[in-house]
Every structure is written in C-alpha cells, then in structure tokens.
Amino acid sequence: MDEFSLIHRYFQRPENSPASSGIRLGIGDDAAILTPPAHHELVISTDTLISGRHFPIDTDPYSIGWKAAAVNLSDLAAMGAKPHSILLALTLPEANPDFLEPLADGLFALCDAAQVKLIGGDTTRGQTLSLTVTALGWVPTGQAILRSGAQIGDLIVVSGTLGDAAYALQHLNNPALDPELKSRLDRPTPRLALGLALRGYASAMLDISDGLAQDLGHILKESGVWGQIHLEDLPLSPTLAALNPEQRAALALSGGDDYELCFTISPSKFAILQSVWGDSSPPLNVIGQINARDHNKNEHPHNNLTVLYQQKPFILTQQGFRHFE
Ligand code: TPP
C-alpha cells in the first residue's frame, strides 16, 4: 500500500461532522486551513511517542492510537484550552492493515469523544514505530492557564489518582495486574472538562507526565515560589495505598504517565470550585500549599519542592522521568 492510499484508507474521514466547524480545508491538501473563532488565541502542542520508550512494544494498536491522541489533548487541557484538531506524523516499519485499523480506531475513538478532527499529517517508513501528534485548540484571549501564575498561600491540588500507570508498567508481566491499573497506562483520560472548568480559578496548571515531583517543580520554578506537599495526602488507588511510603512516593511522585492535572488555586476560589465541580469525575484533592520560602530546603537547593511525611522532610531518590539519564 502506498502512502496516499494508506492515508485515504485509515485516516481520511467524512468532512461534515459537527467537529469540522472552523476547518475550511482538512486532510488531503498540502496543508489544512483553519478559521480561528473571534477573540480566541491558538494553543498548540506536540508530543512524540516511540515504541519501547513511551509504551511497551507489545501494547495493542488501539491503545497506541488512543494514547498518542490522549497525551497531546492532555497538554491542551493543562492550558485550559478547548481542543479543536490534531495532526499525526506516523513512522511505521510496515503498513499492516491488522495493525493500522485498530490504531486508527483508537485514535479516532478519543478524537470523536472530544470532538476533535484529524486535519493532516504524514506517514513514513522507518525501523521503529513512532507517532508524533500536534494538537491545536482555542482559548479566549488572555485566559490560558500558565505554569507561572502560582501565588503564595495558594493550595496545590491534583485530579484523580497518582502512580497507577507507573505501577502497571512495573507489573506488566504479572497476570494478577488489575486491568484498571493497566488501562491507566495504556489509555489515559485527558482531563478536558476539568481543564475548561478551571479557567478563571486555577492560578497555574500543568499535566503530570514525568511525575508530580518533577512537574510540580516546573510550576514552582516558573512562578518563583516554594511548595510543600504531604505524602499522606496523595490520592492513591487501593493497590498503591497498601504499599510502604518509599514505594508510594516512587510511583506517585516520580513514576510519571499519570496525565492528571496539577494546579494551584487560592483557598477562596477552591471553595467556590468545589461547589461547582461537586462530585464530578475526576475527584480533586488538596495535597499541599505554596510558600514564600522553605528553610527546610538546604538538602535540595536546586528544587523548590518539599515533600513531608509525618511532618518531616522526605527525601526522594528520583524526581521523575528523564529521557537522557
Ligand atoms: N518505558 C515504557 C516502555 N513505557 C513507558 N510509558 C515508560 C517507560 C515511562 N515513560 C516513558 S515517557 C514518560 C514516562 C513516564 C514521560 C512522558 O513522556 P515525555 O516524552 O517526557 O512527555 P512530555 O513530558 O514531553 O509530555
């Protein structure tokens, strides 16, 4: 199958869905043409997933397609943006229909649920399967939620539970692995509704891909503040809650692949948010607060985060996922 028939067969879909608003020209020409809504800014992000590096090589193709879209839509959620469309650059060792069909199904299942359209991309042949998705979304001008806005006195809040995907990655060969934990690794849910709901509430936000300790560190650094979190307050699934503190910390703080949102918010706005968000999914949990300066921090002067366990500083052996270590 050549490149053009491959794109046509698996990735070109009817144009007249409700998601096509704002798309003057979609997939199939040299480039797509979008019409941005008035008084909005374009929010754009890209992430590559490489087989064996970002997902186990035997991951099912539906999950691979889903995850490639999910991690990118998660970046838009983290800005408070409404996702609009994606581009996909795909490198494949071979064009096998038994693989491509479910891969496209997984990608489109999430895109359809999020009303996101594939507007272009590229396919190439290469030794290692790799997917680069670029996601585009809109936010009303000036309303995007940056990493740099955390204020002294703000609460630090996370959505959902942490460490599930990292636990699943460690237990892939265990037949007793809870399928729910496995699906947290394979098919993460981008927190799109929450990201939108946090406009006007969160002072700073990001999505947790490399592990909370490392990612929250970015908010603290960009905002020029210090932060304290409490190991006891981290939201955990029952399997992880049963582990010892070192194991819990390694998975929930340094494991990564969570794709939950971490944000800072003033206590008064959080009270209002709770009445608006209520029992909606995912649940929100306060795990710490933003400080002016932390004098406990001498042991890690390069990092503004203190983790407390039983009110004492808890030393992390690793901050989070790093590609080059
Ligand atoms: N090994 C395999 C086979 N699968 C995994 N999911 C991991 C390791 C763990 N892992 C790979 S990349 C990553 C994690 C936790 C972090 C997120 O990827 P990155 O490219 O850093 O995304 P970004 O932070 O740029 O969004």
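All of these numbers come straight from a predicted model, not from anything done at the bench. (Residues numbered from 1 in each chain as written. Predicted model: local features only at pLDDT ≥ 70, side-chain atom pairs only at ≥ 80, totals over all residues. Heavy atoms only, no water.)

### Here we look at the sheet that holds strand S6 (residues 130-140)
Here's step 1: Judged by pairing direction, the sheet is mixed, and its four strands sit side by side in the order S3-S6-S4-S5 without closing on themselves. Each edge of the open sheet is held by one strand with a lone partner, namely strand S3 (40-50) and strand S5 (117-125). Between one strand axis and the next, the sheet turns through 15° on average, direction left out of account.
Here's step 2: Pairing analysis gives eleven bridges linking S3 to S6, with the strands arranged antiparallel. Pairing of Val 43 across the sheet is with Gly 137, part of S6.
Here's step 3: Strands in contact with helix H1 (residues 3-11) are strand S4 (82-92) and S5; relative to S5, the strand with the most contacts, it is inclined by about 145°.
Here's step 4: Strand contacts of helix H2 (residues 61-77): S3, S4 and S6, with the helix running at about 140° to S3, the strand carrying the most contacts. (Pairing = 2+ DSSP bridges. Helix = DSSP H or I, 4+ residues; strand = E, 2+ residues; numbered from the N terminus. Axes fitted to C-alpha atoms, helices over the stretch in contact; angles between N-to-C directions. Contact = heavy atoms within 4.5 Å.)

### Brief notes about the site of the ligand
Here's step 1: Among the 15 residues in the neighbourhood of the ligand, the closest are listed as His 54, Ser 209, Asp 210, Asp 257 and His 323.
Here's step 2: Asp 47 places a polar side-chain atom, nitrogen or oxygen, 3.2 Å from an oxygen atom of the ligand.
Here's step 3: Interatomic distance of 3.0 Å between a side-chain N/O atom of His 54 and an oxygen atom of the ligand.
Here's step 4: In isolation the ligand offers 600 Å² of accessible surface; the protein chains occlude 81% of this area.
Here's step 5: Here the residues of the shell around the ligand sort into five nonpolar, six polar and four charged.
Here's step 6: The residues that make up the shell around the ligand include at least three from each of domain 1 (3-140) and domain 2 (155-313). (Near = heavy atom within 4 Å. Polar contact = N/O pair within 3.5 Å; in protein donor to acceptor, adjacent residues only side chain to side chain. Areas by Shrake-Rupley, 256 points an atom, 1.4 Å probe, with all protein chains shown as cover. Nonpolar A, V, L, I, M, F, W, Y, C, P; charged D, E, K, R; others polar. Domains from an automatic or database assignment.)

### A look at the pattern of salt bridges
Here's step 1: For the structure shown, the criterion picks out seven salt bridges.
Here's step 2: Here Asp 112 makes a salt bridge to Arg 13, at a shortest N to O gap of 3.0 Å. Placement of Asp 112 in helix H3 (residues 97-113) and of Arg 13 in the loop between H1 and strand S1 (23-25) is noted, with a sequence separation of 99 residues between them.
Here's step 3: When its relative accessible area of 42% is taken as the criterion, Asp 112 is described as partly exposed.
Here's step 4: Where Asp 60 meets Arg 187, a salt bridge forms, and the shortest distance between an N and an O atom there is 3.4 Å. Note that Asp 60 is positioned in the loop between S3 and H2 and Arg 187 in the loop between helix H5 (179-186) and helix H6 (192-197), a separation of 127 residues in sequence.
Here's step 5: The exposure class assigned to Asp 60 is partly exposed, which follows from its relative accessible area of 31%.
Here's step 6: A relative accessible area of 34% places Arg 187 in the partly exposed class.
Here's step 7: Taken together, the shared-partner salt bridges in this structure form one network comprising Asp 164, Arg 184, Arg 191 and Glu 260. (Salt bridge = Lys/Arg side-chain N within 4 Å of Asp/Glu carboxyl O. Buried < 20%, exposed > 50% of the residue type's maximum accessible area, 1.4 Å probe, protein only.)

### Overview of the environment of Val 158
Here's step 1: Structurally, the position occupied by Val 158 is in strand S7 (residues 155-159).
Here's step 2: Along the sequence, Val 158 and Gly 65 sit 93 residues apart, while their C-alpha atoms lie 26 Å from each other.
Here's step 3: With residues up to four places along the chain from it excluded, the contact list for Val 158 reads Ile 208, Leu 212, Pro 235, Leu 261, Cys 262, Pro 283, Leu 284, Asn 285 and Ile 287.

### Overview of the side chain of Arg 248
Here's step 1: Mapped onto the elements, Arg 248 comes out in helix H9 (residues 245-254).
Here's step 2: Buried and unpaired, Arg 248 has no salt bridge, with Glu 232 as the nearest side chain of opposite charge at 6.9 Å.
Here's step 3: Here Arg 248 is in contact with Leu 236, Leu 240, Ala 241, Leu 243, Leu 253 and Tyr 309, once residues within four sequence places are set aside. (Lys, Arg positive; Asp, Glu negative; His and termini not counted.)

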